[in-house]
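This is what each chain is made of:
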Amino acid sequence: MYRGFLTVIILVGTSFGLIAQSSSKNMPSASQIIRGKVIDFVSEQPVVGASITVLNAKKGTETNADGSFLFEKMPTGRYQVQVSSVGYESQIIAEILLESGKEMVLEVKLHPTSNQLAEAVVRATSANLSGAVTSIQNITTEQIFRYPGTYLDPARLATAYAGVANSNDQANGMVIRGNSPNGMQWRLEGVEIVNPNHLSNAGTFSDRVTQNSGGVNILSAQLLGNMNFLTGAFPAEYGNALSGVMDMRLRKGNDKKHEFTAQAGLIGIDLAAEGPIGNNGASYLVNYRYSFTGLLATMGVKFGGEDIRFQDLAFNLNFPTKKAGTFMLFGMGGLSSNVFEAQRDTTQWEVQKDGFDIYYKNRMGAAGLSHSLNIGKKLLWKTVIAASGLKNTREGYVLSKVNFQRFLIQADSSIRAKASVTTNLTYKFNEFANLKVGVFVTRQYDELFARSADKRANGAAEGLIIQPYANLHLNLLSKLSANVGLHYLNYTFNQTKSVEPRFSVQYQLSNNQSLSFAYGLHSQLQQPEIYFALATQNSAFLGNATLDVSKSRHYVLSHQYSFKKGSYFKTELFYQQLFNIPSASMNPTFSTLNLVEDFTPEPLQNSGTGRNYGLELTYQQYLINGFYALTNATLYNATYKNNDGVERNSRFNGKHIFNLTIGKEWVRSKSGMPPNRTFGTSIRVIWLGGFYEREVNEQASIDNKRLIYRNADAFTVKQPDYFRPDFRIYMKKSKEKYSRTLALDIQNIANYQNVSYSYYDILQNKIVRQYQMGLIPILSYRWEF
């Protein structure tokens, strides 16, 4: 492996050299446009006369009557743009990357404020969520491309932030503050959607599908805009989630000129196009991707012995009008499959899986129409109509060693469909108060069939999920603001209901530091496997369809100190009180807090509880003057308790999370020419406390020739700590009409062996430890024109 890795390094180095030498001294200098629009954060009305300054270019301008601004013939490179206006909080948008192949189009939302003396707030992107003062991260597409080990996936980038751990290297499941990945929610354009990931069985012990994770996100990073990632005490508009929310937004296509992007790498081949539709400001953006492993599979080459394929298509059409508001039509769809077929030469079988044929298929799609309309100067009306659907099928066959006859021992099929309408009104009373009220109405359909040797689940459910909400934002004093909100959830299928108050307050201690507190009661519906689990011994038991929602009270105390050169230090204390958790009276160690893809064929009741609490420390330096850093440490404890009153470690109680990401860029040019080449490198180090797993009863497993756990000792075996360094090196080169990026991303460059799980292997007749992914080099080439 290391010899092959060395060969890759040599080839990459040669490629960097060739690209670097391809420039000509007579080539015109590369430049591009920075333009955009400044709007009021609450009403989204244009802010006229706002001051726009490109700090590291010493250029300035003001917004015109429609809030727009323009800087022409800007040399390519990194910029910081400061935006300020009377009556609004000043912002500095850092980490702006201007390349010759693509215009930089910004949408800046300014917060009304009565504290004009406060220092400008430095952000990677303009904030776009009201009511959130703690536990929120703004994720940009540029960060997804720049940070190491992301697979160009926002969920994998999210694990670089405090309190978040990856559940397994093969998947993008997010363990947030000790909660199961099942506790989080995916949104697209503000609406909850089905699992938007390819290969949703990736990284699981049983190879069954998960509800919220997969191998890679179906939405290519080429289409993603600025996203909100929430990890606790959510604002009132968020419901049906216990641990976190990934609120994905699509960027608008360029409405002035046609632009194209082509990218090739281990993830796949990406082709994107965008540009104007007519001359009225309408635009299109479309991207198609086909997996690299799929291309290999067509040539008979398998990845880790498996035929892995996926492809996806996504689009965003934007239509502004003069009087009827702005309409946006968006959609995404993906197909993925994973086939493992046993070799028919039994002498090649080494582990239990080698004697199986496994077939998995996944189909996902989502589409929607959004409308935004300003009614007068103070009222904003937004509506989204969206539908999403997901179908998974999986079959597992065991082969006879005698005649290779196949026996179906595992069969899974699931369908989930959501049709949603959401509408909200935001009214700006003045700079001191605004009110947002809205409602989500979702018709959800679930159908599930799952069968294995020891358990099965079978059922269907259809009902409305009705979620009205309201949030009042108040600037009480020049340095004190508050949010008071309420969320309500009603699921008509089993008539479960939840009334959920939300509250947050923020006090500006000085011009560069603030203290915030947030509280929220949150709830989440159960997974279909829990509702439809059937006992194999007791035919009178018809499942757990009447279970109530799980609930959690979130408390967060946050302090942030901002430094003058684009960095900050944040401290957050969090406490989560979980209750109404499904547990089994006949098995006191079972709790849905420990599940990912599995279920239990037992009667359940909402009698379990849990506690997650901890401390998060974060230091972030935005990319300014060629250097950036993101480092954080989380100390936490996650436990659960059932009817027997014993407090146990939860499965995801790793105790600690440590992340260090640092990067450096160097700008180079030919003599006498403006800079047009950027070299960059970054490294990320991840150190996690090992999760807990159930203890295998080795002797009983050997005697019975199947995996048997010691249920009384559930989650008492702590895995070794997880350690992984990732490395990235890249070169960007801009010419007059196009730009190129060549990058090498190496996950787990130390090839460290991290434990995944332990199981009884019937072929080896012993307990076997399964490890996560080792060293993976990912070479990519990107061309924008």
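Residues numbered from 1 in each chain as written. Predicted model: local features only at pLDDT ≥ 70, side-chain atom pairs only at ≥ 80, totals over all residues. Heavy atoms only, no water.

**Student:** Describe in detail empty space enclosed by the protein, supporting the description with residues and values.
**Tutor:** Following the criterion strictly, the structure yields 10 cavities of 30 Å³ or more and no others. Lining the largest cavity we find 25 residues, and of these Ser180, Asn182, Gln524, Thr592 and Leu593 sit closest to its centre. If you list the elements that add at least two residues to the lining of the largest cavity, you get α5 (528-531) and β33 (567-584). Looking at side-chain class alone, the lining of the largest cavity contains 8 nonpolar, 15 polar and 2 charged residues. Of the voids in this model, the second largest cavity is the one considered here, and its volume is about 210 Å³. Looking at the second largest cavity, it is lined by 19 residues, and the ones nearest its centre are Glu192, Asn212, Arg416, Gln524 and Gln527. Within the residue set of the lining of the second largest cavity, elements represented by two or more residues are β12 (184-188) and β25 (406-430). Tallying contributions element by element places β12 first for the lining of the second largest cavity, with 3 residues. Grouping the constituent residues of the lining of the second largest cavity by class yields 6 nonpolar, 10 polar and 3 charged. (1 Å grid on protein atoms, 1.4 Å probe; cavity = no way out; pocket = protein on both sides within 12 Å on 5 of 7 lines; lining within 4 Å. Points joined across faces, edges and corners; volume = space filled by probe spheres on them. Helix = DSSP H or I, 4+ residues; strand = E, 2+ residues; numbered from the N terminus. Nonpolar A, V, L, I, M, F, W, Y, C, P; charged D, E, K, R; others polar.)

**Student:** So what's going on with the environment of leucine 373? Which residues, and what values?
**Tutor:** Within the secondary structure, leucine 373 is located in strand β23 (residues 356-375). Sequence-distant contacts of leucine 373, defined by excluding residues within four places in its chain, comprise Lys323, Ala324, Gly325, Leu379, Leu380 and Trp381. (Contact = heavy atoms within 4.5 Å.)

**Student:** Break down a nonpolar patch on the surface for me, with residues and values.
**Tutor:** On the surface, Val484, Phe503, Tyr507, Leu509, Leu515, Phe517, Leu557 and Leu573 cluster together into a nonpolar patch covering about 640 Å² of accessible area. Where the nonpolar patch is concerned, the elements lending two or more residues are β29 (496-510) and β30 (513-524). Broken down by element, the residue count for the nonpolar patch peaks at 3 residues, all from β29. Counting through the fold element by element, leucine 557 comes out in strand β32 (residues 550-563). A residue is classified by how much of its surface remains accessible, and leucine 557, at 39% relative accessible area, is partly exposed. (Patch = residues over 30% accessible without salt bridge, like charges linked within 9 Å, V, L, I, M, F, W, Y side chains within 5 Å. Areas by Shrake-Rupley, 256 points an atom, 1.4 Å probe, with all protein chains shown as cover. Salt bridge = Lys/Arg side-chain N within 4 Å of Asp/Glu carboxyl O. Buried < 20%, exposed > 50% of the residue type's maximum accessible area, 1.4 Å probe, protein only.)

**Student:** Which residues make up the sheet that holds strand β2 (residues 51-54), and what values do they have?
**Tutor:** With mixed pairing, 5 strands are arranged side by side in an open sheet as β3-β2-β5-β6-β8. Strands with a single pairing partner mark the edges of an open sheet, and in this sheet they are β3 (59-62) and β8 (121-123). Strand-to-strand twist in this sheet, taken as the mean axis angle between neighbours without regard to direction, amounts to 25°. (Pairing = 2+ DSSP bridges. Axes fitted to C-alpha atoms, helices over the stretch in contact; angles between N-to-C directions.)

**Student:** Break down unusual backbone geometry for me, citing the residues and quoting the values.
**Tutor:** Positioned with a positive phi, aspartate 207 is a non-glycine residue whose angle comes to about 70°. With respect to the element layout, aspartate 207 can be found in the loop between β14 (197-198) and β15 (216-217). Positive phi values are uncommon outside glycine, yet alanine 233 reaches one of about 45°. Take alanine 233: it is sitting in the loop between β16 (227-230) and β17 (244-248). We classify alanine 233 as buried; its relative accessible area is 9%.

**Student:** Summarise the pairing of strand β26 (residues 433-451); cite the residues concerned and give the values.
**Tutor:** Where β25 meets β26, 19 bridges bridge the pair, whose relative direction is antiparallel. Directly across from threonine 422, in β26, lies its bridge partner phenylalanine 440. Connecting β25 to the next strand, β26, in antiparallel fashion are 2 residues. Of the strand pairs in this sheet, β26 and strand β27 (residues 456-475) are connected by 19 bridges, and their pairing is antiparallel. Counted as the bridge partner of glutamate 447 is alanine 460 from β27.

**Student:** Any chance you could break down the sheet that holds strand β7 (residues 104-110) for me, citing the residues and the numbers?
**Tutor:** Strand order in the open sheet made by the 3 strands is β4-β1-β7, with mixed pairing throughout. At either end of the open sheet lies a strand with only one pairing partner, and these are β4 (68-75) and β7. Recorded for the sheet is a direction-independent mean angle of 20° between the axes of neighbouring strands. With 6 bridges connecting them, strand β1 (residues 31-40) and β4 associate as antiparallel partners. Looking across to β4, one finds that glutamine 32 is bridged to methionine 74.

**Student:** Help me get a handle on the packing of aromatic side chains, residues and values and all.
**Tutor:** On inspection of all chains with the given rule, the structure shows 21 aromatic pairs. Members of the aromatic cluster, joined through ring pairs, are Phe260, Tyr738, Trp783 and Phe785. One residue, arginine 146, lies across the ring of tyrosine 628, its end atom 4.3 Å from the ring centre. Cation over ring: lysine 353 sits above phenylalanine 340, and NZ or CZ is 4.8 Å from the ring centre. (Phe/Tyr/Trp six-rings, centres within 6.5 Å; stacked < 30°, edge-to-face > 60°. Lys NZ or Arg CZ within 6 Å of the ring centre and 35° of its normal.)

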